Each structure stands twice: as structure tokens, then as C-alpha cells.
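A look at the structure
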Amino acid sequence: MNNNFNKSSDIKKQNIIIDTADITKTYKIGDIEVKALRGINLKISEGEFVSIMGPSGSGKSTLMNIIGCLDIPTSGDYFLENIDVSKLNDNQLADIRNKKVGFVFQTFNLLTKANAIHNVELPLIYSKDKIRNKDKKIRVALKSVGLKGWEKHRPSELSGGERQRVAIARSLVNDPTILLTDEPTGNLDSVTGEEIMAIFQKLNKKGKTILLVTHELDVAQHTHRIVYLRDGIISNQEKIENPIDAEERLKQMPKLEDKMNSLRKSKVL
Ligand code: ADP
Ligand code: MG
């Protein structure tokens, strides 16, 4: 147990961009109240890569929704880059969300009939401000996830890993303050999942702050810090001294092609 984690001096020195103060969230379904969050104090510094773990129902998605400005807490304050977003109305919340938050989901959530460019363009279309250099921003985002040359492909013409890369490019195109991702490797095989973790690590090394929800310890061990949730409170936090390096691990893993060839040889395929 380390309840003083947020007070640790190495975090204090850095620029805190996410700061939740005693956040609670209670859902009301008829007469029944569900206390999904019961007092969350979490600080995340600029440039950190943090994972959230916890059993199903522990409040992970609820916390992500609040941090991502999709919802507001029942009580407590939430400061995103020193703006108290816990009291904003729906329009103000949508505006902050569009500017400051990028989302990547387990199920990719791409428009099936739109090609990679048009999927990545979406956050720019929703933006209230006039966007300059739109085409360049889209191209840069796609290139940063290794999809140069795949711009005109629709999701149905892409593998699961490539679809998730499109989703990551979409989350980056507005250059958000924070990238939030809920089980991003949950629908992928282990090699492809590792490739996606390599992309997140590369983005983080370039300075992007990332918050990742996972139920796999192995995935969480790629990050700098694991926050454990239980019954709507932070039950523990753990600093990862030597995070798993996804690029290094990929070198040790068999390529999908090699796997297919060996299956063909053994006449399984
Ligand atoms: P996790 O993502 O860790 O599985 P959630 O944040 O989804 O947990 O849920 C936390 C608790 O809040 C659960 O008991 C869940 O049933 C409840 N809950 C989540 N969303 C809603 C909602 N929209 N309405 C009512 N209850 C909800
Ligand atoms: Mg969830």
C-alpha cells in the first residue's frame, strides 16, 4: 500500500496536467444508487504513461469517462491543465474534450465506409476552430503510426492491428494533451498487441501523456506506473522501474508469417 504516492517529490516537481480531488460518481437507476467512484485522488504529470487495473465493475471506465470529459463527477473537482472541468456544461465539456483528449478503444470504433484519411479527419471536422493544414496533419498522424501508403484503405481492407493504428492516428490528429485508451490490445493477437504497445511507447517517448486501462498485468508493465482500482477507490499504486520495452520484445517474438508457415508445414493449414 502506498497512499502517499501522489505526494512523492518526483511527481511534485513535474507539471501536473491531470488532478482529481476526491472525485465520486454515483449512478441512480430508479431508487437504486450505484457508487461507482468513492473518492479518487489521482495526479498525472505531463509525459507520464500510466495504467489503470482493477476487476470488472471497479470503476475503471467511469474514471476514464470523467478524465476524458465525457462525463462529470457527482462530487469533487477535476483539473485538466488547471481548468476545473467538473463544473462545465455539456457544450463546454465537448469543446475541451475535442481539444485536449484523444480516445482509443478496444473495438477501434472506426467508420466502416470511410477510408483511413476520412476516419482520421473526424476530430478536425468536429473542431469549432478553423483548422489549418488539415491534410498535412492527417498525413503526419498516419505516418506516425506506420500507415504511410495505407491512406485510401477502408477498415474492411485492413487487419485488426492496422485498424487500431488508424484509431490511434485519429486520436492524435488534434495533438491532444492526453491520450486515453481502454483495453487497446484486448481484441488483438499477442504480436499485434505488442506492436500497438510499441506505438504507444514511441508516442510517450516523444512526450505524449498516456492513460491506459487494462486487465492484463503484462500490458500494464509496459507503463511507468500502475494504479489499482477496487470498489471505486485507489487501493494501491506501483511504480514500474523497468517497463517492458515493446520493441525489444517484438524482436524475440515469432512473426505472424513464420507462424503461418510452420503451421502449413505441419499441415494444420
Ligand atoms: P469497470 O470499467 O471497472 O468494469 P465501470 O466504471 O464500468 O467499471 O462500472 C463501475 C460500477 O458502476 C459498476 O457497478 C457498474 O455496474 C456501474 N455503472 C457503470 N456505468 C453505469 C451507468 N451508466 N449506469 C448505472 N450504473 C453504471
Ligand atoms: Mg470498463
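See the structure above.
Notes on the structure follow.

Calculation rules
- Residues numbered from 1 in each chain as written.
- Chains lettered and ligands numbered in written order.
- Predicted model: local features only at pLDDT ≥ 70, side-chain atom pairs only at ≥ 80, totals over all residues.
- Helix = DSSP H or I, 4+ residues; strand = E, 2+ residues; numbered from the N terminus.
- Rg over C-alpha atoms; globule rule 2.2 N^0.38 Å.
- Buried ≥ 20, exposed ≤ 12 C-beta atoms within 10 Å, placed from the backbone.
- Axes fitted to C-alpha atoms, helices over the stretch in contact; angles between N-to-C directions.
- Parallel < 35°, antiparallel > 145°, perpendicular 65-115°, else oblique.
- Left-handed = near helix turned anticlockwise from the far one by under 90°.
- Contact = placed C-beta atoms within 7 Å.
- Nonpolar A, V, L, I, M, F, W, Y, C, P; charged D, E, K, R; others polar.
- Pairing = 2+ DSSP bridges.
- Core = buried A, V, L, I, M, F, W, Y, C linked by C-beta atoms within 7 Å.
- Expected span 1.5 Å × (residues − 1).
- Near = placed C-beta within 6 Å.

Within the protein, the regular secondary structure consists of 10 helices and 10 strands. Scaling as 2.2 N^0.38, a compact globule of 269 residues should have a C-alpha radius of gyration of about 18 Å, and the protein matches this with 19 Å. Counting only C-alpha atoms and orienting by the principal axes, one finds that the protein spans roughly 60 × 45 × 45 Å. Within the protein, the proportion of its 269 residues that are buried is 36%.

Let us now look at the packing of helix H6 (residues 160-172) against helix H7 (residues 190-205). Here H6 crosses H7 at 20 degrees, and the two axes come no closer than 9 Å. Considered as vectors, H6 and H7 are oriented roughly parallel to each other. Crossing of H6 against H7: the hand is right-handed. Residues Gly-160, Gly-161, Gln-164, Arg-165 and Ile-168 of H6 pack against Thr-192, Glu-195, Ile-196 and Ile-199 of H7. Of the residues that constitute the contact of H6 with H7, the class distribution is three nonpolar, four polar and two charged.

This part takes up the sheet that holds strand E2 (residues 32-45). In spatial order, the strands read E2-E1-E4-E5; together these four strands make up an open sheet with antiparallel pairing. Only two strands of the sheet have a single neighbouring strand rather than two, namely E2 and strand E5 (83-84). Of the strand pairs in this sheet, strand E1 (residues 16-29) and strand E4 (residues 75-80) are connected by five bridges, and their pairing is antiparallel. When the sheet's bridge partners are listed, Ile-18 is paired in E4 with Leu-80.

The next point concerns the nonpolar core. Grouped together as the largest cluster of nonpolar side chains are 54 residues, with contacts concentrated most on Val-120, Leu-142, Ala-169 and Leu-211. Setting aside residues no more than four positions away along its own chain, Leu-142 makes contact with Ala-116, Val-120, Leu-147, Lys-148, Glu-151 and Ala-169.

Further remarks concern H6. Taking 1.5 Å per residue as the helical rise, H6 with its 13 residues ought to reach 18 Å, and the 19 Å between its terminal C-alpha atoms agrees with that figure. By the criterion of burial, H6 is predominantly enclosed, with 12 of the 13 residues buried. Each element contacted by the buried residues of H6 is listed here: strand E6 (101-105), helix H4 (116-126), helix H5 (134-144), strand E7 (178-182) and H7.

Close to ligand 1 lie Tyr-27, Ile-29, Val-34, Ala-36, Gly-54, Ser-56, Gly-57, Ser-58, Gly-59, Lys-60, Ser-61 and Thr-62. Where the shell around ligand 1 is concerned, the elements lending two or more residues are E1, E2 and helix H2 (60-67). With three residues, H2 is the single largest residue contributor to the shell around ligand 1. Here the residues of the shell around ligand 1 are counted per class, giving four nonpolar, seven polar and one charged.

Here we take up the sheet that holds strand E9 (residues 225-230). Within the open sheet, the six strands sit side by side as E6-E7-E8-E3-E9-E10. Their pairing is mixed. Of all the strands in the sheet, just E6 and strand E10 (233-239) have a single pairing partner and so form its edges. The sheet shows a mean angle of 20 degrees between the axes of neighbouring strands, direction not considered. In terms of strand pairing, E9 meets E10 through six bridges, oriented antiparallel. From the neighbouring strand, Leu-229 faces E10, where its bridge partner is Ile-234.

Moving on to the pairing of E9. Two strands pair when backbone bridges link them, and strand E3 (residues 49-53) and E9 are joined in this way by four bridges, in the parallel orientation. Within the sheet, the bridge partner assigned to Ser-51 lies in E9 and is Ile-226. Linkage of E9 to E10, two consecutive antiparallel strands, is achieved through a turn of two residues, within which Asp-231 is found at a positive phi near 50 degrees.

Turning to H7, a few remarks are in order. Over its 16 residues, H7 extends 22 Å from the first C-alpha to the last, a length consistent with the 22 Å expected when each residue adds 1.5 Å. Looking at H7, one finds that the buried residues are Gly-193, Glu-194, Glu-195, Ile-196, Met-197, Ile-199, Phe-200, Leu-203 and Asn-204. Contacts from the buried residues of H7 go to E3, H6, strand E8 (209-213), helix H8 (217-220) and helix H9 (246-252). Of the residues one or two after H7, Gly-207 is the one with positive phi, at around 115 degrees.

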